Amino acid sequence: MNNENTARRGKRGVLDFLMNNVIMISLFVMIVVIAILQPRFMSTRVLRDILIQNSSRMIIACGMSMVLISGGMDLAAGRIVGLAAVMTGSLGQLAEASRRFFPNLPQLPPIVPLLAAIVVCFVFGMLNGVAIAKFSIPPFIVTLGTGMIIWGTNLLYYDLEPNHSQPIGNIQPDIKFMGSGYLFGAVPVIILIAAAVVLVTWFIMKYTPFGRAIYSIGGNRDAAEVCGINVQRTLIWTYAIAAITFAIGGFLECARTNGATAAYGENYEFDAIAACVVGGVSNSGGVGTIPGMVLGVLMFGIINYGLTFLGVQPYWQKIVKGVIILTAVGFDVRKNIRKK
Amino acid sequence: MEQGNYVLEMHGITKEFPGVRALDDVTLKVEPGKVHALMGENGAGKSTLMKCLFGIYQPDAGRIILKGREVRFQSSMEALKSGISMIHQELQPEPYLTVMENLWMGRLPKKGLMVDYRAMYRNTVEELKRLKLDFDPKALVKTLSVSKIQSLEIAKAVSNNANVIIMDEPTSSLTEKEVEYLFGIIEDLRRQGIAIIYISHKMNEIMRIADCVSIMRDGKMIGTWDTRELTIDTIISRMVGRELKEYYPQKHNVPGEVRLRVEDFTSIHPKSFRHVDFELRRGEILGVAGLVGAQRTELFEGIYGIRAHTAGKLTLDGQQIEIRRPIDAIRRRIVLLTEDRKRSGIFPALGVGENIYLRQYDRVSRLGKINYRKCNQIAAEGVKRFSIKSPSLGTPVRSLSGGNQQKVLLARWLMTEPEILILDEPTRGIDVGAKYEIYTIIAQLAAEGKSIVMISSELNELLGMADRIMVMCDGRKTGELSREQFGEEAVMQLATQFE
């Protein structure tokens, strides 16, 4: 009887391990398959490229995972990224550039556009949080609405005299350095910034009372209330901090591409949500880790790059990504059903 | 009551749920044109019996005979079609549909594929006339008052050719005038030969409206009597007359000075708690009794700062205090173990450990960083002190048994070293062994000088554990009993003192 039980548990243990690590395992399998088909894939240059391409996504996903863990959603994320990119571009141009957004503005130190973008986005994030926490409007609706407001605001700003909705270019080198520069000739700065944001988010979510309050609110809001957690304040800060990560993401997008348009950031929220969910962050709240989210982002990055590397049509890539999202979430839901 | 033709007979109905026998060989016979009251304490089995009749539950044994024919309903739809209707405690019609659509929901008159609104209107006018109801068939349901909605539900039952109508606490949310209106309708139904099974705790109503009374206790049918043979006192004694089955630990607490005084506490909702005064002493266990809907939970959630109140004064150790949100209570070492641990107690996905130490972060953080070593020490101590059975501190709390989850919640609060504990249904849904453990913890806390409020729907538990019992009915405090006055009948008398 006892042996039988142990045997059954052993078998279940293997199955559990497989189920719990579907993402890791399929990531590994994918890398192996791509590497066999195209051995040149396994080079540090490719790895570096993937990391560079996904750095700002990683940063945006940091904020998104906080929001998702709190039981919410931020559909305004992409538009906040776009606003931050345009603000960075307009305030961060070279003094001697031919077409300037503000012709009479002297060249500002790089910290000014960064701070300006962060402050404005932070305020919009706060507004999201207040509408969601104080007025109990569903996050989906609130951020859908504020997303449109932010986009409109961005378009108005982008259309100012004399720019007239022309792409902004000629970003000053100090800002470009953060997006495409290298430290010691080999380490891309943007990867270091992304790593720093990931580390800070991980620390907040794991080691601070604020981070744990986000988990408890996402897991059981009523119980969090009874426990004396200030649910409203925590939620407002969650959306505000998430907006800061989106602002940093937008700043880096502008820095990396040496320019910005009002279309920047479009649909980034869906990429971020997809990466989080595939990385095990539950879209119903309370569950998920930052390392999991990192894996989710990398997985999408590797698929994107790997499929292009193999010469797969972009249309097919979309189908593959869709299938991955459904499978990953399907397994996750199954796992939770079994536990009930 | 011996012979007579019954419209409905239920013979030997038995229903078991995991661990409990909810109905044990229950027999109920109902005559046409009579109002048959069904009475019993909370959990006596009235609702389960009605759910078996209405096809929501399938009985494990027994026969149901309707109009001389044995029936077995797989769903409430089938019961409805055979002529049984139920007016629920909480009515839930569709608010944005019209009166006539609600009346014919599920059986809309049709002309081809289209709904025949003209026929529907005609039929509705006819049905409403039958019950002398005067409202516009095209009015939206959400514009009707509770009592109008109720009469609409009754009209629906009648239009369904119901022979038996079950009314579960139909007057619980009605004003006095509306009750009279309802009784008028019931009178009409009786004349039409429809049998009514009337579930209520309100003795005065039963004495007035019921022709006969069946009393249930602990899942068994005690008997059926003609209302004229009964008095309120005989009903109560038959409802509660049982010996104590559970055992309670020895208590060594000695109530001391008054710690918490509550005066004139009143909710913002007129139907909820109002003008409640009471005191809580050091080292005392104050039991709070009442029927479902007595607003006990609401009162204490109000005191704890979850629900709003308009009036009321709280005095703690002689000083007036203000509790606006739970954290204000927690800082004053007043904690609340909520009634529904799934809804507002546990964090199901978080580990057993975090569920315990989650309230300690202020204490164990340095420079904003949580010290998990200290957290785990606290959790391990809690697990040991309350003998919580869990594979590890990281195990999600949802995979524990109800009793262990409850002990996790007790540990969470007790590790904050509270002085006043409000325990709402602390033993609900847990097995007998775990119950005893929780009683032991409560008795020990009282002996240490903590003040405890114990809200419970199990009267035995209060009689066994409390030093004093405060009884509520319909939002008001209707009395207080000291140990010498304890008795199930005394409590029931106060719990049914409706205005």
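If you're wondering where the values come from, they're calculated on a predicted model, not measured in any experiment.

Oppositely charged side chains can form a pair if their charged atoms are brought close together. Across all of its chains, the model carries 30 salt bridges over all chains by this definition. With a closest N to O distance of 2.6 Å, Glu-354 of chain B and Arg-212 of chain A form a salt bridge. Placement of the pair is Glu-354 of chain B in helix α12 (residues 352-357) and Arg-212 of chain A in helix α9 (residues 209-219), with the two residues belonging to separate chains. Each member of the pair Glu-354 of chain B and Arg-212 of chain A is classed as buried. Among the charged side chains, a salt-bridge network with shared partners connects Glu-16, Arg-21, Asp-24 and Lys-220 of chain B.

The subject of this paragraph is the interface of chain B and chain A. Chain B puts 29 residues into the contact, and the matching count from chain A is 21 residues. Summing both partners gives a buried area of about 2000 Å² for chain B against chain A, and 63% of it is carried by carbon and sulfur. Considering only the surface of chain B that becomes buried against chain A, Phe-347, Tyr-372 and Arg-398 of chain B emerge as the three largest contributors, covering 25% of it. If you look at where chain B meets chain A, you find two salt bridges. Among the salt bridges present, the one from Arg-343 of chain B reaches Asp-222 of chain A, with a minimum N-O distance of 2.9 Å.

As a rule of thumb, nonpolar side chains are buried together in soluble globular proteins. Residues Met-293 of chain A together with Leu-189 and Leu-299 of chain B are the most contacted members of the largest nonpolar core, which totals 233 residues. Not counting residues within four places of it along the chain, the set of residues in contact with Leu-299 of chain B comprises Phe-265, Phe-273, Val-276, Phe-278, Met-470 and Met-472 of chain B. Membership of the second largest hydrophobic core comes to 29 residues, among which are Leu-8, Met-50, Ile-64 and Ile-199 of chain B.

On to the side chain of Gln-150 of chain B, then. Residue and element names in this part refer to chain B. Position of Gln-150 relative to the elements: it lies in helix α5 (residues 146-159). The exposure class assigned to Gln-150 is buried, which follows from its relative accessible area of 4%. Polar contacts involving the side chain of Gln-150 include one to the main-chain carbonyl oxygen of Pro-170, which spans 2.5 Å.

The subject of this paragraph is the environment of Glu-229 of chain B. Residues and elements named next belong to chain B. Mapped onto the elements of the fold, Glu-229 is located in the loop between β12 (220-226) and α8 (232-240). Taking relative accessible area as the criterion, Glu-229 reaches 55% and is therefore assigned exposed. Counting along the chain gives 157 residues from Glu-229 to Phe-386, while the straight-line C-alpha distance between them is 51 Å.

Bringing a nonpolar patch on the surface into the picture now. All names here are of chain A. Taken together, Val-14, Phe-17, Leu-18, Met-24, Ile-25, Phe-28, Val-29, Val-32, Val-33, Ile-36 and Leu-37 make up a surface patch of nonpolar side chains, about 1000 Å² in accessible area. Among the secondary structure elements, those contributing two or more residues to the nonpolar patch are α1 (2-20) and α2 (22-37). Ranked by residue count, the leading element in the nonpolar patch is α2, at eight residues. For Leu-37, the location among the structural elements is in helix α2.

Procedures and definitions
- What you see as residue numbers is a count from 1 along each chain, following the sequence as written.
- A letter from A marks each chain and a number from 1 marks each ligand, given out in the order of writing.
- Local features in this predicted model are restricted to residues of pLDDT 70 or higher, and side-chain atom pairs are both shown and tallied only at a pLDDT of 80 or more, whereas totals for entire chains, interfaces and linings draw on every residue.
- Side-chain numbers come from the whole structure's heavy atoms, not from hydrogens or water.
- Throughout this description, the term salt bridge denotes a Lys or Arg side-chain nitrogen within 4 Å of a carboxyl oxygen of Asp or Glu.
- Strands here are runs of E lasting at least two residues and helices are runs of H or I lasting at least four, both read from the DSSP assignment and numbered beginning at the N terminus.
- The cut-offs for exposure are 20% and 50% of the maximum accessible area for each residue type, with area from a 1.4 Å probe on protein chains only; residues under the lower value are buried, those over the upper are exposed, and the others partly exposed.
- Here, two residues are considered to be in contact whenever any of their heavy atoms come within 4.5 Å of each other.
- Two parts placed together each lose some accessible area under a 1.4 Å probe, and adding up what both lose gives the buried area.
- Here, the term nonpolar core denotes a set of buried Ala, Val, Leu, Ile, Met, Phe, Trp, Tyr and Cys residues that are joined through side-chain atoms within 4.5 Å.
- We define a polar contact as two N or O atoms separated by no more than 3.5 Å, with the added condition that, inside protein, one atom must be a possible hydrogen donor and the other a possible acceptor, whereas residues neighbouring each other in sequence contribute only through side-chain atom pairs.
- Patches here are clusters of residues that have more than 30% relative accessible area and form no salt bridge, with a 9 Å joining cutoff for like charges and a 5 Å cutoff for nonpolar side chains (Val, Leu, Ile, Met, Phe, Trp, Tyr).
- Accessible surface is estimated by sampling points in the Shrake-Rupley manner with a 1.4 Å probe; for residues, cover comes only from the protein chains shown.

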